[in-house]
Amino acid sequence: MLRIEGLCKSFGEKEVIRGLDAEIRKGEIFVIIGPSGQGKSTILRLIDLLDTPTDGKILLEGTEITTLSDREQQQVRRRIGMVFQDPAIFRGSVYENVAYGLRFRDLSKEEVHRRVTLALHDVRLEGFEEQDARTLSGGEKHRVAFARTIVTQPDLILMDEPTSDLDPVTTGILEDLIFFIRDTHHATIILSTHDMYQGQRLGDRIAVMMGGTFIQTGTLKEVFTAPNTREVAYFIGFENIFDGEIIRSEGGVATVASGGTEILAVTDRPVGSSISWCLRTEDIRLHMSEERHGRSPMANHLNGVVKSIEMVGPQNHVTIDCGIDITLTVSWRFAERVHLAPGMTVWVAFNAGSVQVMER
Amino acid sequence: MNEIIDGFLTAIHLIVTFDPEVYEVAFRSIYITFSATVIASVISIPIALFLAFRTFPGKRTIINLVHTLYALPTVLIGLVVFLMLSRQGPFGFLGLLFTPGAMIIGQVILVIPIIIGLTYSALVAMDPVIKDTIISLGANYFQFMASILKEIRFVVYATVAMAFGRAISEVGAAIMIGGNIRGYTRVLTTSIALETSMGNIEFSMALGIILLFIALIVNFVMTSIRREAD
(Lines give C-alpha, C1' and ligand atoms only; values in the text may rest on other atoms or scores of the structure.)
Protein backbone atom coordinates (compact mmCIF):
# COMPACT_ATOMS: atom_id res chain seq x y z
CA MET A 1 0.00 0.00 0.00
CA LEU A 2 2.57 2.55 1.15
CA ARG A 3 6.33 2.37 1.13
CA ILE A 4 8.65 4.93 2.68
CA GLU A 5 12.30 4.96 1.68
CA GLY A 6 15.06 6.95 3.37
CA LEU A 7 12.71 9.76 4.32
CA CYS A 8 14.28 12.87 5.89
CA LYS A 9 12.75 16.13 6.99
CA SER A 10 14.51 19.11 8.49
CA PHE A 11 13.09 22.37 9.73
CA GLY A 12 16.01 24.76 9.41
CA GLU A 13 18.93 23.17 11.23
CA LYS A 14 16.71 20.74 13.10
CA GLU A 15 16.46 17.27 11.58
CA VAL A 16 13.07 15.86 12.60
CA ILE A 17 12.88 12.74 10.39
CA ARG A 18 16.10 10.83 9.78
CA GLY A 19 16.32 8.25 7.02
CA LEU A 20 13.03 6.58 7.85
CA ASP A 21 12.05 3.36 6.04
CA ALA A 22 8.69 1.60 6.36
CA GLU A 23 6.23 -0.61 4.52
CA ILE A 24 2.54 -0.34 5.38
CA ARG A 25 0.31 -3.17 4.21
CA LYS A 26 -3.16 -2.77 2.72
CA GLY A 27 -5.97 -3.03 5.25
CA GLU A 28 -3.84 -3.01 8.39
CA ILE A 29 -3.82 -0.67 11.36
CA PHE A 30 -0.21 0.44 11.59
CA VAL A 31 0.49 2.18 14.86
CA ILE A 32 3.39 4.57 15.36
CA ILE A 33 4.19 4.81 19.06
CA GLY A 34 6.77 6.97 20.68
CA PRO A 35 7.22 9.79 23.15
CA SER A 36 6.20 13.33 22.24
CA GLY A 37 8.53 15.30 20.00
CA GLN A 38 9.99 12.34 18.11
CA GLY A 39 8.47 13.19 14.71
CA LYS A 40 5.20 11.19 14.76
CA SER A 41 3.05 14.10 13.54
CA THR A 42 5.68 15.11 10.99
CA ILE A 43 5.72 11.70 9.32
CA LEU A 44 1.91 11.75 9.01
CA ARG A 45 2.02 15.27 7.58
CA LEU A 46 4.63 14.16 5.04
CA ILE A 47 2.46 11.22 3.97
CA ASP A 48 -0.54 13.57 3.62
CA LEU A 49 1.65 15.89 1.50
CA LEU A 50 1.14 18.78 3.90
CA ASP A 51 4.92 19.12 4.20
CA THR A 52 7.67 18.37 1.70
CA PRO A 53 10.44 15.95 2.65
CA THR A 54 14.05 17.10 2.57
CA ASP A 55 15.06 13.75 1.11
CA GLY A 56 13.67 10.28 0.46
CA LYS A 57 10.57 8.84 -1.17
CA ILE A 58 6.96 8.05 -0.29
CA LEU A 59 5.41 5.53 -2.66
CA LEU A 60 1.65 5.07 -2.66
CA GLU A 61 0.85 1.86 -4.51
CA GLY A 62 4.15 2.16 -6.32
CA THR A 63 3.87 5.83 -7.30
CA GLU A 64 6.29 8.33 -5.77
CA ILE A 65 3.92 11.03 -4.52
CA THR A 66 6.21 13.71 -3.09
CA THR A 67 7.46 14.82 -6.51
CA LEU A 68 4.08 15.03 -8.21
CA SER A 69 2.71 18.35 -9.51
CA ASP A 70 0.40 20.40 -7.26
CA ARG A 71 -2.64 19.18 -9.16
CA GLU A 72 -1.57 15.54 -8.95
CA GLN A 73 -0.81 15.89 -5.24
CA GLN A 74 -4.30 17.28 -4.72
CA GLN A 75 -5.71 14.15 -6.40
CA VAL A 76 -3.55 11.96 -4.12
CA ARG A 77 -4.78 13.85 -1.04
CA ARG A 78 -8.33 12.98 -2.06
CA ARG A 79 -7.40 9.32 -1.57
CA ILE A 80 -6.00 10.02 1.89
CA GLY A 81 -7.93 11.14 4.96
CA MET A 82 -6.38 12.74 8.00
CA VAL A 83 -7.72 13.12 11.52
CA PHE A 84 -5.70 15.74 13.36
CA GLN A 85 -4.78 15.60 17.03
CA ASP A 86 -6.87 18.66 17.81
CA PRO A 87 -9.54 18.53 15.11
CA ALA A 88 -10.54 21.72 13.35
CA ILE A 89 -14.22 22.50 13.52
CA PHE A 90 -15.49 24.80 10.79
CA ARG A 91 -18.15 27.42 11.31
CA GLY A 92 -21.53 25.91 10.62
CA SER A 93 -23.60 22.87 11.43
CA VAL A 94 -22.43 19.32 12.06
CA TYR A 95 -23.86 18.40 8.64
CA GLU A 96 -21.87 21.12 6.90
CA ASN A 97 -18.69 20.09 8.72
CA VAL A 98 -19.05 16.48 7.62
CA ALA A 99 -19.97 17.49 4.06
CA TYR A 100 -16.96 19.84 3.78
CA GLY A 101 -14.65 17.54 1.81
CA LEU A 102 -17.49 16.33 -0.42
CA ARG A 103 -18.14 19.91 -1.58
CA PHE A 104 -14.67 19.85 -3.19
CA ARG A 105 -15.57 16.78 -5.23
CA ASP A 106 -18.49 18.05 -7.30
CA LEU A 107 -20.88 15.37 -6.07
CA SER A 108 -24.64 15.68 -6.48
CA LYS A 109 -26.66 17.06 -3.58
CA GLU A 110 -28.36 13.68 -3.15
CA GLU A 111 -25.02 11.83 -3.00
CA VAL A 112 -23.65 14.31 -0.44
CA HIS A 113 -26.77 13.84 1.67
CA ARG A 114 -26.58 10.04 1.41
CA ARG A 115 -22.92 9.91 2.41
CA VAL A 116 -23.18 12.44 5.23
CA THR A 117 -26.21 10.65 6.70
CA LEU A 118 -24.34 7.34 6.59
CA ALA A 119 -21.16 8.80 8.12
CA LEU A 120 -23.12 10.43 10.95
CA HIS A 121 -24.80 7.10 11.58
CA ASP A 122 -21.41 5.36 11.68
CA VAL A 123 -20.04 7.79 14.28
CA ARG A 124 -23.31 7.75 16.21
CA LEU A 125 -24.13 11.42 15.68
CA GLU A 126 -27.57 11.04 14.11
CA GLY A 127 -29.84 13.87 15.17
CA PHE A 128 -26.93 16.30 15.47
CA GLU A 129 -27.11 17.41 11.81
CA GLU A 130 -28.35 20.94 12.44
CA GLN A 131 -26.42 21.62 15.64
CA ASP A 132 -23.65 24.25 15.56
CA ALA A 133 -20.54 22.07 15.46
CA ARG A 134 -18.61 24.47 17.70
CA THR A 135 -20.99 23.77 20.58
CA LEU A 136 -20.20 20.03 20.65
CA SER A 137 -18.19 18.35 23.41
CA GLY A 138 -14.56 17.36 22.82
CA GLY A 139 -15.44 13.73 22.11
CA GLU A 140 -18.26 14.72 19.74
CA LYS A 141 -15.90 17.05 17.85
CA HIS A 142 -13.51 14.13 17.39
CA ARG A 143 -16.39 12.05 16.05
CA VAL A 144 -17.25 14.85 13.59
CA ALA A 145 -13.60 14.77 12.46
CA PHE A 146 -13.82 10.98 12.02
CA ALA A 147 -17.06 11.34 10.03
CA ARG A 148 -15.57 14.12 7.88
CA THR A 149 -12.69 11.82 7.03
CA ILE A 150 -14.58 8.59 6.29
CA VAL A 151 -17.29 10.36 4.29
CA THR A 152 -14.77 10.93 1.47
CA GLN A 153 -14.09 7.16 1.39
CA PRO A 154 -10.27 7.37 1.47
CA ASP A 155 -8.05 4.34 0.86
CA LEU A 156 -5.62 5.46 3.54
CA ILE A 157 -6.54 7.17 6.81
CA LEU A 158 -3.95 8.95 8.94
CA MET A 159 -4.79 9.58 12.58
CA ASP A 160 -2.52 11.82 14.62
CA GLU A 161 -3.02 10.96 18.30
CA PRO A 162 -6.81 10.88 17.75
CA THR A 163 -7.74 10.32 21.39
CA SER A 164 -5.21 12.44 23.25
CA ASP A 165 -6.78 14.67 25.93
CA LEU A 166 -10.01 12.62 25.94
CA ASP A 167 -11.51 10.77 28.88
CA PRO A 168 -11.27 6.95 28.96
CA VAL A 169 -14.93 6.40 28.02
CA THR A 170 -14.71 8.62 24.92
CA THR A 171 -11.36 7.05 24.07
CA GLY A 172 -13.01 3.63 24.19
CA ILE A 173 -15.81 4.77 21.86
CA LEU A 174 -13.30 6.19 19.38
CA GLU A 175 -11.13 3.07 19.51
CA ASP A 176 -14.19 0.94 18.68
CA LEU A 177 -14.86 3.36 15.86
CA ILE A 178 -11.33 2.88 14.48
CA PHE A 179 -11.90 -0.89 14.24
CA PHE A 180 -15.30 -0.24 12.68
CA ILE A 181 -13.76 2.05 10.06
CA ARG A 182 -11.08 -0.52 9.24
CA ASP A 183 -13.59 -3.36 8.97
CA THR A 184 -16.44 -1.63 7.13
CA HIS A 185 -14.60 0.93 5.01
CA HIS A 186 -11.67 -1.44 4.35
CA ALA A 187 -9.25 1.44 4.76
CA THR A 188 -5.62 1.16 5.71
CA ILE A 189 -5.02 3.14 8.89
CA ILE A 190 -1.79 4.69 10.14
CA LEU A 191 -2.26 5.95 13.68
CA SER A 192 0.21 7.71 15.95
CA THR A 193 -0.01 7.61 19.73
CA HIS A 194 2.22 8.11 22.74
CA ASP A 195 0.07 5.62 24.66
CA MET A 196 1.72 2.20 24.35
CA TYR A 197 -1.40 0.45 25.69
CA GLN A 198 -3.48 2.07 22.96
CA GLY A 199 -0.84 0.90 20.50
CA GLN A 200 -1.29 -2.62 21.85
CA ARG A 201 -5.07 -2.45 21.66
CA LEU A 202 -5.29 -1.07 18.13
CA GLY A 203 -2.24 -2.06 16.16
CA ASP A 204 -1.89 -4.96 13.75
CA ARG A 205 1.73 -3.88 13.56
CA ILE A 206 3.65 -1.33 15.54
CA ALA A 207 6.57 0.96 14.84
CA VAL A 208 8.43 2.53 17.73
CA MET A 209 9.55 6.02 16.75
CA MET A 210 12.44 7.70 18.46
CA GLY A 211 14.92 10.29 17.26
CA GLY A 212 13.06 10.78 14.00
CA THR A 213 13.07 7.19 12.80
CA PHE A 214 11.42 3.82 13.44
CA ILE A 215 13.86 2.02 15.72
CA GLN A 216 11.75 -1.13 15.79
CA THR A 217 8.86 -2.31 13.64
CA GLY A 218 6.94 -5.55 14.05
CA THR A 219 3.87 -7.33 15.31
CA LEU A 220 2.63 -6.62 18.82
CA LYS A 221 4.36 -9.76 20.08
CA GLU A 222 7.64 -8.97 18.39
CA VAL A 223 7.84 -5.46 19.80
CA PHE A 224 6.38 -6.01 23.26
CA THR A 225 8.24 -9.19 24.07
CA ALA A 226 11.49 -8.56 22.26
CA PRO A 227 12.48 -4.88 22.30
CA ASN A 228 15.70 -4.34 20.38
CA THR A 229 17.13 -1.38 22.28
CA ARG A 230 17.14 0.00 25.82
CA GLU A 231 15.02 2.96 24.64
CA VAL A 232 12.31 0.71 23.20
CA ALA A 233 12.34 -1.47 26.33
CA TYR A 234 11.97 1.56 28.55
CA PHE A 235 9.19 3.06 26.44
CA ILE A 236 7.11 -0.12 26.28
CA GLY A 237 7.19 -0.52 30.02
CA PHE A 238 10.14 -2.70 31.01
CA GLU A 239 11.22 -1.60 34.48
CA ASN A 240 14.30 -3.79 34.78
CA ILE A 241 16.87 -2.69 32.20
CA PHE A 242 20.59 -3.29 32.80
CA ASP A 243 23.91 -3.29 31.00
CA GLY A 244 26.11 -6.37 31.09
CA GLU A 245 28.68 -8.54 29.36
CA ILE A 246 28.40 -12.14 28.17
CA ILE A 247 31.14 -14.06 29.99
CA ARG A 248 30.18 -17.67 29.12
CA SER A 249 27.88 -19.31 26.60
CA GLU A 250 26.77 -22.88 26.21
CA GLY A 251 23.97 -24.36 24.12
CA GLY A 252 22.30 -21.01 23.48
CA VAL A 253 22.26 -20.05 27.16
CA ALA A 254 24.67 -17.28 28.12
CA THR A 255 25.93 -16.15 31.48
CA VAL A 256 25.73 -12.38 31.76
CA ALA A 257 27.79 -10.44 34.29
CA SER A 258 25.88 -7.38 35.37
CA GLY A 259 26.63 -5.14 38.36
CA GLY A 260 28.49 -7.84 40.25
CA THR A 261 25.68 -10.36 39.67
CA GLU A 262 25.55 -13.18 37.16
CA ILE A 263 22.34 -14.18 35.40
CA LEU A 264 21.46 -16.72 32.70
CA ALA A 265 19.84 -15.58 29.47
CA VAL A 266 18.76 -17.30 26.27
CA THR A 267 20.80 -15.71 23.49
CA ASP A 268 23.17 -16.74 20.73
CA ARG A 269 25.36 -13.65 21.04
CA PRO A 270 29.07 -14.47 21.39
CA VAL A 271 31.14 -14.38 24.58
CA GLY A 272 32.58 -10.93 25.22
CA SER A 273 29.55 -9.06 23.79
CA SER A 274 28.60 -5.92 25.62
CA ILE A 275 24.83 -6.04 25.84
CA SER A 276 21.80 -4.59 27.59
CA TRP A 277 19.17 -6.90 29.01
CA CYS A 278 15.69 -6.37 30.35
CA LEU A 279 13.09 -8.24 32.32
CA ARG A 280 9.36 -7.67 32.85
CA THR A 281 8.21 -7.29 36.45
CA GLU A 282 5.49 -9.90 35.92
CA ASP A 283 8.09 -12.53 34.90
CA ILE A 284 9.81 -12.43 38.31
CA ARG A 285 8.79 -14.60 41.28
CA LEU A 286 9.33 -13.45 44.83
CA HIS A 287 10.09 -15.97 47.60
CA MET A 288 10.08 -15.10 51.26
CA SER A 289 12.11 -18.13 52.41
CA GLU A 290 15.19 -19.84 51.08
CA GLU A 291 13.51 -23.24 51.40
CA ARG A 292 10.70 -22.38 48.98
CA HIS A 293 13.15 -20.54 46.80
CA GLY A 294 15.28 -23.69 46.51
CA ARG A 295 12.33 -25.58 45.01
CA SER A 296 11.84 -23.05 42.18
CA PRO A 297 12.52 -24.56 38.74
CA MET A 298 13.57 -21.19 37.34
CA ALA A 299 17.13 -20.76 36.07
CA ASN A 300 17.95 -17.50 37.80
CA HIS A 301 17.98 -17.24 41.58
CA LEU A 302 19.04 -14.05 43.32
CA ASN A 303 19.14 -13.11 46.97
CA GLY A 304 18.58 -9.52 48.03
CA VAL A 305 17.20 -6.98 50.45
CA VAL A 306 13.93 -5.07 49.95
CA LYS A 307 14.94 -1.52 49.15
CA SER A 308 11.57 0.18 48.62
CA ILE A 309 7.86 -0.55 48.23
CA GLU A 310 5.68 1.73 46.14
CA MET A 311 1.91 1.41 45.75
CA VAL A 312 0.77 1.63 42.12
CA GLY A 313 -3.00 1.10 41.90
CA PRO A 314 -3.89 -2.33 43.34
CA GLN A 315 -0.26 -3.45 43.06
CA ASN A 316 2.94 -2.84 44.97
CA HIS A 317 6.14 -2.24 43.05
CA VAL A 318 8.90 -3.75 45.14
CA THR A 319 12.55 -2.89 44.45
CA ILE A 320 15.08 -5.43 45.70
CA ASP A 321 18.83 -4.82 45.89
CA CYS A 322 20.40 -7.99 44.48
CA GLY A 323 23.63 -6.27 43.45
CA ILE A 324 21.42 -4.83 40.73
CA ASP A 325 18.09 -3.22 41.66
CA ILE A 326 15.35 -5.60 40.49
CA THR A 327 11.76 -4.35 40.51
CA LEU A 328 8.81 -6.74 40.61
CA THR A 329 5.09 -6.51 41.22
CA VAL A 330 3.10 -8.09 44.04
CA SER A 331 -0.48 -7.51 45.11
CA TRP A 332 -0.88 -5.34 48.20
CA ARG A 333 -2.79 -8.20 49.85
CA PHE A 334 0.25 -10.43 49.45
CA ALA A 335 2.57 -7.69 50.75
CA GLU A 336 0.36 -7.30 53.83
CA ARG A 337 0.10 -11.03 54.42
CA VAL A 338 3.88 -11.58 54.43
CA HIS A 339 4.54 -8.24 56.20
CA LEU A 340 6.79 -7.16 53.34
CA ALA A 341 8.91 -4.20 54.44
CA PRO A 342 12.15 -2.45 53.46
CA GLY A 343 15.22 -4.19 54.90
CA MET A 344 13.77 -7.73 54.68
CA THR A 345 15.89 -10.41 53.03
CA VAL A 346 14.04 -12.07 50.12
CA TRP A 347 14.79 -14.25 47.10
CA VAL A 348 13.81 -13.67 43.47
CA ALA A 349 13.68 -16.12 40.57
CA PHE A 350 13.11 -15.78 36.85
CA ASN A 351 13.57 -17.89 33.71
CA ALA A 352 16.50 -17.47 31.37
CA GLY A 353 13.91 -17.21 28.57
CA SER A 354 12.32 -14.16 30.21
CA VAL A 355 15.56 -12.22 29.90
CA GLN A 356 15.52 -10.14 26.72
CA VAL A 357 19.05 -9.45 25.47
CA MET A 358 19.58 -6.34 23.33
CA GLU A 359 22.35 -4.51 21.53
CA ARG A 360 23.99 -1.96 23.80
CA MET B 1 -25.64 78.32 23.56
CA ASN B 2 -29.00 79.38 22.08
CA GLU B 3 -27.36 79.51 18.66
CA ILE B 4 -26.34 75.88 18.98
CA ILE B 5 -29.82 74.81 20.13
CA ASP B 6 -31.46 76.80 17.32
CA GLY B 7 -29.00 75.30 14.87
CA PHE B 8 -29.78 71.81 16.11
CA LEU B 9 -33.54 72.34 15.79
CA THR B 10 -33.18 73.74 12.28
CA ALA B 11 -30.97 70.79 11.36
CA ILE B 12 -33.65 68.37 12.56
CA HIS B 13 -36.21 70.32 10.54
CA LEU B 14 -34.05 70.02 7.39
CA ILE B 15 -33.76 66.27 7.92
CA VAL B 16 -37.41 65.50 8.68
CA THR B 17 -38.65 67.67 5.82
CA PHE B 18 -36.33 65.77 3.45
CA ASP B 19 -34.46 68.90 2.33
CA PRO B 20 -33.33 67.98 -1.20
CA GLU B 21 -29.89 69.56 -0.91
CA VAL B 22 -29.08 67.79 2.37
CA TYR B 23 -30.17 64.41 1.03
CA GLU B 24 -28.47 64.87 -2.31
CA VAL B 25 -25.13 65.45 -0.54
CA ALA B 26 -25.74 62.50 1.80
CA PHE B 27 -26.57 60.06 -1.00
CA ARG B 28 -23.55 61.19 -3.03
CA SER B 29 -21.33 60.52 -0.02
CA ILE B 30 -22.78 57.03 0.39
CA TYR B 31 -22.53 56.29 -3.33
CA ILE B 32 -18.87 57.40 -3.61
CA THR B 33 -17.76 55.65 -0.42
CA PHE B 34 -19.71 52.46 -1.15
CA SER B 35 -18.11 52.27 -4.62
CA ALA B 36 -14.65 52.90 -3.18
CA THR B 37 -15.11 50.27 -0.46
CA VAL B 38 -16.28 47.62 -2.93
CA ILE B 39 -13.39 48.34 -5.34
CA ALA B 40 -10.84 48.39 -2.49
CA SER B 41 -12.18 45.08 -1.12
CA VAL B 42 -11.94 43.37 -4.50
CA ILE B 43 -8.31 44.52 -4.79
CA SER B 44 -7.24 44.06 -1.16
CA ILE B 45 -8.64 40.64 -0.16
CA PRO B 46 -6.78 38.64 -2.83
CA ILE B 47 -3.60 40.58 -1.95
CA ALA B 48 -4.08 39.69 1.73
CA LEU B 49 -4.55 36.00 0.79
CA PHE B 50 -1.41 36.12 -1.34
CA LEU B 51 0.62 37.72 1.45
CA ALA B 52 -0.66 35.22 4.01
CA PHE B 53 -0.05 32.03 2.03
CA ARG B 54 2.93 32.76 -0.20
CA THR B 55 6.54 33.18 0.77
CA PHE B 56 8.71 35.53 -1.26
CA PRO B 57 11.60 37.93 -0.68
CA GLY B 58 10.55 41.31 0.69
CA LYS B 59 7.25 40.01 2.10
CA ARG B 60 8.05 41.34 5.60
CA THR B 61 8.84 44.79 4.17
CA ILE B 62 5.53 44.90 2.28
CA ILE B 63 3.61 43.95 5.43
CA ASN B 64 5.41 46.65 7.43
CA LEU B 65 4.63 49.15 4.68
CA VAL B 66 0.95 48.20 4.71
CA HIS B 67 0.80 48.70 8.47
CA THR B 68 2.55 52.06 8.15
CA LEU B 69 0.01 53.17 5.54
CA TYR B 70 -2.82 52.75 8.07
CA ALA B 71 -1.88 56.22 9.27
CA LEU B 72 -1.45 57.71 5.82
CA PRO B 73 -2.47 61.43 6.02
CA THR B 74 -5.45 61.96 3.75
CA VAL B 75 -4.13 65.29 2.49
CA LEU B 76 -1.06 63.45 1.26
CA ILE B 77 -3.32 61.05 -0.67
CA GLY B 78 -5.13 64.10 -1.99
CA LEU B 79 -1.84 65.66 -3.11
CA VAL B 80 -0.56 62.53 -4.84
CA VAL B 81 -3.85 61.80 -6.62
CA PHE B 82 -4.14 65.48 -7.56
CA LEU B 83 -0.65 65.41 -9.13
CA MET B 84 -1.40 62.16 -10.96
CA LEU B 85 -4.74 63.35 -12.36
CA SER B 86 -3.89 67.00 -13.00
CA ARG B 87 -3.60 68.08 -16.59
CA GLN B 88 0.23 67.80 -16.46
CA GLY B 89 0.17 64.52 -14.53
CA PRO B 90 0.64 61.05 -16.05
CA PHE B 91 -3.10 60.33 -15.92
CA GLY B 92 -4.26 63.82 -16.76
CA PHE B 93 -5.56 62.61 -20.13
CA LEU B 94 -8.33 60.72 -18.31
CA GLY B 95 -9.91 64.03 -17.28
CA LEU B 96 -10.85 62.62 -13.88
CA LEU B 97 -9.74 65.48 -11.63
CA PHE B 98 -12.63 67.14 -9.76
CA THR B 99 -14.99 64.27 -10.56
CA PRO B 100 -16.63 61.67 -8.29
CA GLY B 101 -14.33 59.11 -10.01
CA ALA B 102 -11.27 60.90 -8.66
CA MET B 103 -12.79 60.91 -5.17
CA ILE B 104 -13.42 57.16 -5.43
CA ILE B 105 -9.77 56.65 -6.43
CA GLY B 106 -8.64 58.68 -3.39
CA GLN B 107 -10.83 56.67 -1.01
CA VAL B 108 -9.72 53.37 -2.55
CA ILE B 109 -6.08 54.32 -1.87
CA LEU B 110 -7.05 55.37 1.66
CA VAL B 111 -8.72 52.09 2.67
CA ILE B 112 -6.69 49.50 0.74
CA PRO B 113 -4.00 49.29 3.46
CA ILE B 114 -6.68 48.90 6.15
CA ILE B 115 -8.44 46.04 4.38
CA ILE B 116 -5.19 44.30 3.41
CA GLY B 117 -3.69 44.70 6.89
CA LEU B 118 -6.68 43.57 8.93
CA THR B 119 -7.54 40.67 6.59
CA TYR B 120 -3.90 39.55 6.57
CA SER B 121 -3.79 39.68 10.39
CA ALA B 122 -6.94 37.53 10.58
CA LEU B 123 -5.50 35.02 8.11
CA VAL B 124 -2.18 34.58 9.91
CA ALA B 125 -3.91 34.37 13.29
CA MET B 126 -6.14 31.57 12.03
CA ASP B 127 -5.69 28.13 13.57
CA PRO B 128 -3.22 26.36 11.23
CA VAL B 129 -5.15 23.10 11.66
CA ILE B 130 -8.08 24.73 9.80
CA LYS B 131 -5.82 25.41 6.81
CA ASP B 132 -4.28 21.93 6.97
CA THR B 133 -7.71 20.30 7.24
CA ILE B 134 -8.99 22.14 4.17
CA ILE B 135 -5.93 21.08 2.14
CA SER B 136 -6.12 17.56 3.52
CA LEU B 137 -9.77 17.26 2.46
CA GLY B 138 -8.61 17.69 -1.13
CA ALA B 139 -9.34 21.34 -1.89
CA ASN B 140 -7.81 22.83 -5.02
CA TYR B 141 -6.26 26.32 -4.94
CA PHE B 142 -9.51 28.24 -5.44
CA GLN B 143 -11.54 25.97 -3.16
CA PHE B 144 -8.87 26.50 -0.49
CA MET B 145 -9.01 30.31 -0.81
CA ALA B 146 -12.82 30.32 -0.82
CA SER B 147 -12.96 28.05 2.25
CA ILE B 148 -10.46 30.17 4.13
CA LEU B 149 -12.41 33.34 3.36
CA LYS B 150 -15.60 31.61 4.46
CA GLU B 151 -13.99 30.83 7.80
CA ILE B 152 -12.90 34.43 8.41
CA ARG B 153 -15.91 36.02 6.74
CA PHE B 154 -17.02 37.84 9.87
CA VAL B 155 -13.63 39.50 10.25
CA VAL B 156 -13.75 40.50 6.58
CA TYR B 157 -17.26 41.98 6.98
CA ALA B 158 -16.13 43.96 10.03
CA THR B 159 -13.00 45.13 8.20
CA VAL B 160 -15.01 46.32 5.21
CA ALA B 161 -17.45 48.13 7.51
CA MET B 162 -14.52 49.81 9.25
CA ALA B 163 -13.04 50.81 5.90
CA PHE B 164 -16.40 52.31 4.88
CA GLY B 165 -16.49 54.33 8.09
CA ARG B 166 -12.96 55.58 7.55
CA ALA B 167 -13.63 56.57 3.93
CA ILE B 168 -16.95 58.36 4.46
CA SER B 169 -15.52 60.52 7.23
CA GLU B 170 -12.47 61.61 5.23
CA VAL B 171 -12.32 65.28 4.17
CA GLY B 172 -8.80 66.35 3.13
CA ALA B 173 -8.43 64.33 -0.04
CA ALA B 174 -12.11 64.79 -0.95
CA ILE B 175 -11.71 68.57 -1.13
CA MET B 176 -8.38 68.46 -2.99
CA ILE B 177 -9.35 65.99 -5.69
CA GLY B 178 -13.12 66.46 -5.75
CA GLY B 179 -13.05 70.22 -5.69
CA ASN B 180 -16.24 70.41 -3.58
CA ILE B 181 -18.34 71.30 -6.63
CA ARG B 182 -21.96 71.86 -5.71
CA GLY B 183 -24.28 69.20 -7.12
CA TYR B 184 -21.35 67.17 -8.47
CA THR B 185 -18.53 66.38 -6.00
CA ARG B 186 -19.84 67.91 -2.81
CA VAL B 187 -20.11 65.26 -0.12
CA LEU B 188 -21.03 65.33 3.60
CA THR B 189 -17.59 66.12 4.96
CA THR B 190 -16.60 68.72 2.36
CA SER B 191 -20.00 70.34 2.62
CA ILE B 192 -19.76 70.59 6.42
CA ALA B 193 -16.33 72.24 6.10
CA LEU B 194 -17.61 74.74 3.53
CA GLU B 195 -20.94 75.60 5.16
CA THR B 196 -19.30 76.07 8.58
CA SER B 197 -16.74 78.45 7.10
CA MET B 198 -19.64 80.38 5.53
CA GLY B 199 -21.46 80.54 8.88
CA ASN B 200 -24.30 78.29 7.72
CA ILE B 201 -24.24 76.34 10.99
CA GLU B 202 -27.77 74.84 10.72
CA PHE B 203 -27.00 73.20 7.38
CA SER B 204 -23.64 71.94 8.68
CA MET B 205 -25.30 70.48 11.75
CA ALA B 206 -27.92 68.69 9.66
CA LEU B 207 -25.19 67.11 7.57
CA GLY B 208 -23.20 66.33 10.73
CA ILE B 209 -26.18 64.53 12.25
CA ILE B 210 -26.58 62.44 9.09
CA LEU B 211 -22.85 61.63 9.12
CA LEU B 212 -23.13 60.65 12.77
CA PHE B 213 -26.17 58.51 11.94
CA ILE B 214 -24.20 56.70 9.20
CA ALA B 215 -21.33 56.15 11.66
CA LEU B 216 -23.83 54.71 14.13
CA ILE B 217 -25.20 52.33 11.49
CA VAL B 218 -21.66 51.21 10.59
CA ASN B 219 -20.90 50.67 14.27
CA PHE B 220 -24.14 48.74 14.72
CA VAL B 221 -23.29 46.53 11.75
CA MET B 222 -19.81 45.85 13.16
CA THR B 223 -21.18 45.02 16.60
CA SER B 224 -23.77 42.68 15.10
CA ILE B 225 -21.09 40.94 13.04
CA ARG B 226 -18.87 40.54 16.10
CA ARG B 227 -21.78 39.09 18.06
CA GLU B 228 -22.55 36.68 15.22
CA ALA B 229 -18.88 35.68 15.00
CA ASP B 230 -18.79 34.83 18.71
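Provided above is the structure to which this section pertains.
Residues numbered from 1 in each chain as written. Chains lettered and ligands numbered in written order. Predicted model: local features only at pLDDT ≥ 70, side-chain atom pairs only at ≥ 80, totals over all residues.

Caption draft 1: Highlighting the sheet that holds strand S5 (residues 63-64) of chain A. Residues and elements named next belong to chain A. Across the sheet, which stays open at both edges, the four strands sit in the order S2-S1-S4-S5 with antiparallel pairing between neighbours. Two strands in the sheet have a free side with no partner beyond their single neighbour: strand S2 (14-24) and S5. Relative to S5, strand S4 (residues 55-60) runs antiparallel, the two being bridged by two bridges. Note that in S5 the partner of leucine 60 across the bridge is threonine 63. Across the sheet, helix H1 (residues 40-47) is in contact with strand S1 (2-11), S2 and S4; its angle to S2 comes to roughly 65°. (Pairing = 2+ DSSP bridges. Helix = DSSP H or I, 4+ residues; strand = E, 2+ residues; numbered from the N terminus. Contact = placed C-beta atoms within 7 Å. Axes fitted to C-alpha atoms, helices over the stretch in contact; angles between N-to-C directions.)

Caption draft 2: The sheet that holds strand S6 (residues 80-83) of chain A, seen in detail. Residue and element names in this part refer to chain A. Overall, mixed pairing links the six strands, which are arranged S6-S7-S8-S3-S9-S10 in an open sheet. Lying at the two open borders of the sheet, with one neighbouring strand each, are S6 and strand S10 (213-219). The sheet shows a mean angle of 15° between the axes of neighbouring strands, direction not considered. Note: strand S7 (residues 156-160) against strand S8 (residues 188-193), five bridges, orientation parallel. By the bridge assignment for S8, aspartate 160 is matched with serine 192.

Caption draft 3: View of the pairing of S1 of chain A. All names here are of chain A. In terms of strand pairing, S1 meets S4 through five bridges, oriented antiparallel. The residue of S4 that forms the bridge with isoleucine 4 is isoleucine 58. In the sheet, S1 pairs with S2 via seven bridges, with the strands oriented antiparallel. Bridging across to S2, isoleucine 4 finds its partner in alanine 22. Linkage of S1 to S2, two consecutive antiparallel strands, is achieved through a turn of two residues, within which glycine 12 is found at a positive phi near 65°.

Caption draft 4: Here's a closer look at the interface of chain A and chain B. Counting residues at the interface gives 16 residues for chain A and 13 residues for chain B. Of all the secondary-structure elements, those providing two or more residues to the side of chain A that touches chain B are helix H2 (70-77) and helix H3 (94-103) of chain A. Taken together, the residues that form the side of chain A that touches chain B break down as seven nonpolar, three polar and six charged. (Nonpolar A, V, L, I, M, F, W, Y, C, P; charged D, E, K, R; others polar.)

Caption draft 5: Examining the pairing of strand S19 (residues 345-350) of chain A more closely. Residues and elements named next belong to chain A. Buried residues dominate S19, accounting for five of its six residues. One ladder, built from three bridges, connects strand S15 (residues 285-287) with S19; its direction is antiparallel. Counterpart to leucine 286 in the pairing with S19 is valine 348. As defined by bridge partners, strand S16 (residues 300-312) adjoins S19 across six bridges and the pair is classed as antiparallel. Bridge pairing in S19 links asparagine 303 to tryptophan 347. (Buried ≥ 20, exposed ≤ 12 C-beta atoms within 10 Å, placed from the backbone.)

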